[in-house]
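A look at the structure
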Protein chains: 2
Amino acid sequence: MQLAAHPHQPDYSPRQNDVLDSALRLLVDGGEKALTTASVARAANCSKESLYKWFGDRDGLLSAMIGFQASKVRTFEDDAETLTAATLREHLVLFARDLLEVLSGDVSLALNRLAIGQASRDGSKLGSMLQERGRRQIGKRAGVLLEAGRDAGLLAFEDRDDAYDTLYGLIVSDLHLRMLLGEDSGRMVKDFGRRAERAVSAFLRLYGSGKSSA
Amino acid sequence: MQLAAHPHQPDYSPRQNDVLDSALRLLVDGGEKALTTASVARAANCSKESLYKWFGDRDGLLSAMIGFQASKVRTFEDDAETLTAATLREHLVLFARDLLEVLSGDVSLALNRLAIGQASRDGSKLGSMLQERGRRQIGKRAGVLLEAGRDAGLLAFEDRDDAYDTLYGLIVSDLHLRMLLGEDSGRMVKDFGRRAERAVSAFLRLYGSGKSSA
DNA sequence: CATTCACAGTACCGTACGGTACGGTTCGCC
DNA sequence: GGCGAACCGTACCGTACGGTACTGTGAATG
């Protein structure tokens, strides 16, 4: 979500970004098996030789795809104005919905499947790359929100990471894994709103300091 | 966990179970890439021809592996005696710890990675098989526990599935996914106890009917 | 002993993939 | 015009895998 216009071009030329886009499309609707160097070259109208010149080898291409996609979903920091109980709740619900939207995105799902598939291989920085550029990034947004809530006297917690872990679990539960396993996921989008509300209500009941609404 | 002695032999002969065991070992410490028909045959001291006779094709072998493992981890139903607040809490914590143990097991992780990797393929019943035989099974155990708690007046909830979803999220959060992505996972086992306690405390604060302890 | 069955071991086939090499084309630059 | 860099398209190579066929062998059965 929130595609910034020019999110600080990471490492690659426009042409190469086009190639990475094609590769992502290919991965999304064909799975890793369809992501062969030949098919990427064909889909992007470039030569295999150029692929190897630009990305080194197949793993380099995969890493580049993750980095590229991460640069596209860079999360915006919602400026915490003076928080009230209502606005805090509002921000939390918005965060929850955004999180669910991101996790259910087909590109996100495809990249997570890819990284998980490569996780058994030894080197394979893909998993930690996804962790670092994906979760840690969106977790930072939640972090400032939680801190702001505590500073405003609306939340009470000792360990911020524990609180965020709880919030994340309440929002996502095993939904992410179910989607990764292939559950149709088309029908559940409707419920994101309800799910976000439920999770935030529970979270506020756990960590709110007096003022929460069921 | 809880390997039943003879958990209702599913479909295969002892010899074939040995083969499936070898295949699982191979998958665990080599990933899917290492799970070739030739290597399975070599590891199990059988011929490729026998593999194809017994399991049809490679997908049949994978399905058999999942079914075989599921039959080994069949969860026991803990008989809910007359519940008190203390015993309910105890049972919930035990459930949480068992859940974390199961999810962090190397065979479970390997099979989940396998199923997720195959999820993009069209047919691929592997994902739903894992869902059906894995989560649904352990979810049933939690279900009866929750119902018993409600019948005893210790828990208050309307939708049992919602309650279980919350419990699951509080226990697991994104830990499962992080492990699937390759986070070392060796060091965090130590924290399972603390994590289970934390999750159950939070759950009881949300769904307990008056009597819970922080 | 002859037959049959189940199986191991291995050779084999077709295919597909990762990676490389090469000819041809465009474009900018002197 | 000459030249080199970048690059496309494609042919090519080595390898590895899924799946099949064939041979040998040991144990059961009559």
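Model, not experiment: these values are computed from the prediction. (Residues numbered from 1 in each chain as written. Chains lettered and ligands numbered in written order. Predicted model: local features only at pLDDT ≥ 70, side-chain atom pairs only at ≥ 80, totals over all residues. Heavy atoms only, no water.)

Quick notes on the relation of the copies chain B and chain A
Applicable threshold: For this overlay, a least-squares fit was computed on C-alpha atoms, restricted to residues scoring pLDDT of at least 70 in both copies. Any pair of residues with heavy atoms lying within 4.5 Å of one another is described as a contacting pair.
Placing chain B over chain A gives an RMSD of 0.1 Å and needs a rotation angle of 180°, together with 0.0 Å of translation along the axis. As the rotation angle and translation indicate, the two copies are arranged about a two-fold axis. For chain B, the minimum C-alpha distance to the rotation axis belongs to B:Gly169 and amounts to 2.1 Å. A symmetric contact is evident, with 100% of the interface residues of chain B recurring at the interface of chain A.

Focus: the protein's contact with DNA strand C
Applied cut-off: Whether a residue is near a molecule or strand depends on its heavy atoms: if one lies within 4 Å, it is near. Here a polar contact means two N or O atoms within 3.5 Å. Within protein one must be a hydrogen donor candidate and the other an acceptor candidate, and residues neighboring in sequence count only if both atoms are side-chain atoms. Secondary structure follows DSSP: runs of H or I at least 4 residues long count as helices, runs of E at least 2 residues long count as strands, and numbering of each begins at the N terminus. Residues are sorted three ways: Asp, Glu, Lys and Arg are charged, Ala, Val, Leu, Ile, Met, Phe, Trp, Tyr, Cys and Pro are nonpolar, and all the rest, Gly among them, are polar.
Taken together, 14 residues sit near DNA strand C, with A:Lys48, A:Glu49, A:Arg58, B:Arg15 and B:Ser50 positioned nearest. The sugar-phosphate backbone supplies 58% of the atoms of DNA strand C found within 4 Å of the protein. Contacts to DNA strand C include B:Glu49, whose side-chain N or O atom sits 3.3 Å from a base oxygen. Contact between DNA strand C and B:Ser50: a phosphate oxygen at 2.7 Å from a side-chain N or O atom of the residue. Secondary-structure elements contributing two or more residues to the surface near DNA strand C are helix H3 (48–55) of chain A together with helix H3 (48–55) of chain B. Here the residues of the surface near DNA strand C sort into 3 nonpolar, 5 polar and 6 charged.

A look at the pattern of salt bridges
Using the following cut-off: We define a salt bridge as a side-chain nitrogen of Lys or Arg found within 4 Å of a carboxyl oxygen belonging to Asp or Glu. The cut-offs for exposure are 20% and 50% of the maximum accessible area for each residue type, with area from a 1.4 Å probe on protein chains only; residues under the lower value are buried, those over the upper are exposed, and the others partly exposed.
In this structure the tally under the stated criterion is 31 salt bridges over all chains. For A:Arg198, the salt bridge identified is with B:Asp162, shortest N-O distance 4.0 Å. Note that A:Arg198 is positioned in helix H10 (residues 192–207) and B:Asp162 in helix H8 (residues 160–172), a pairing that runs across two chains. Owing to a relative accessible area of 17%, B:Asp162 belongs among the buried residues under this scheme.

Side note on the UniProt feature "DNA-binding region" (unreviewed entry) in chain A
The test is simple: UniProt positions are given in the numbering used here, feature names are shortened, and annotations may be inferred rather than shown by experiment.
As annotated in UniProt, the feature "DNA-binding region" (unreviewed entry) corresponds to residues 36–55 of chain A in the numbering used here. Helix makes up 80% of residues 36–55 of chain A and strand 0%, whereas the separation of the span's terminal C-alpha atoms amounts to 14 Å.

Remarks on the protein's contact with DNA strand D
Inspection of the region around DNA strand D gives 14 residues, with A:Arg15, A:Ser50, B:Lys48, B:Glu49 and B:Arg58 positioned closest. If you look at DNA strand D and keep only atoms within 4 Å of the protein, 56% of those are sugar or phosphate atoms. Measuring from a phosphate oxygen of DNA strand D, one finds a backbone N or O atom of B:Thr37 at 3.0 Å. Within the side chain of B:Arg58, an N or O atom sits 2.7 Å from a phosphate oxygen of DNA strand D. Going through the elements one at a time, H3 of chain A together with H3 of chain B are the ones with two or more residues in the surface near DNA strand D. A per-class count over the surface near DNA strand D returns 3 nonpolar, 5 polar and 6 charged.

Focus: the interface of chain B and chain A
To keep things clear, this is the line we draw: Defined here as a combined quantity, buried area equals the accessible surface (1.4 Å probe) lost by two parts on assembly, summed across both.
Listed as interface residues are 36 residues of chain B and, on the opposing side, 36 residues of chain A. Summing both sides of the interface, chain B and chain A together bury roughly 3100 Å²; the carbon and sulfur share of this comes to 55%. In terms of surface lost to chain A, no three residues of chain B exceed B:Ile116, B:Leu181 and B:Leu206, which account for 21% of the buried area on that side. Linking chain B with chain A are 9 salt bridges. Between the two partners, chain B and chain A, sit 10 residue pairs in polar contact (both at pLDDT 80 or more). Listing elements by their share of the side of chain B that touches chain A, those giving two or more residues are helix H6 (106–118), helix H7 (126–151), H8, helix H9 (175–180) and helix H10 (192–207) of chain B. Top contributing element to the side of chain B that touches chain A by residue count: H10(B), with 7 residues. Here the side of chain B that touches chain A is composed, by residue class, of 12 nonpolar, 10 polar and 14 charged.

Considering the UniProt feature "domain: HTH tetR-type" (unreviewed entry) in chain A
Per the UniProt record, the feature "domain: HTH tetR-type" (unreviewed entry) sits at residues 13–73 of chain A. The span residues 13–73 of chain A carries 75% helix and 0% strand; its end-to-end C-alpha distance comes to 18 Å.

Examining helix H4 (residues 58–72) of chain B
Residue and element names in this part refer to chain B. Quick reminder of the rule: Take the number of residues in a helix, subtract one, and multiply by 1.5 Å to get its expected span.
With 15 residues, H4 extends 21 Å between its outermost C-alpha atoms, agreeing within 8% with the 21 Å of an ideal straight helix rising 1.5 Å per residue. With 11 of 15 residues buried, H4 lies mostly within the body of the structure. Of all the residues in H4, the buried ones are Gly60, Leu61, Leu62, Ala64, Met65, Ile66, Gly67, Phe68, Gln69, Ala70 and Ser71.

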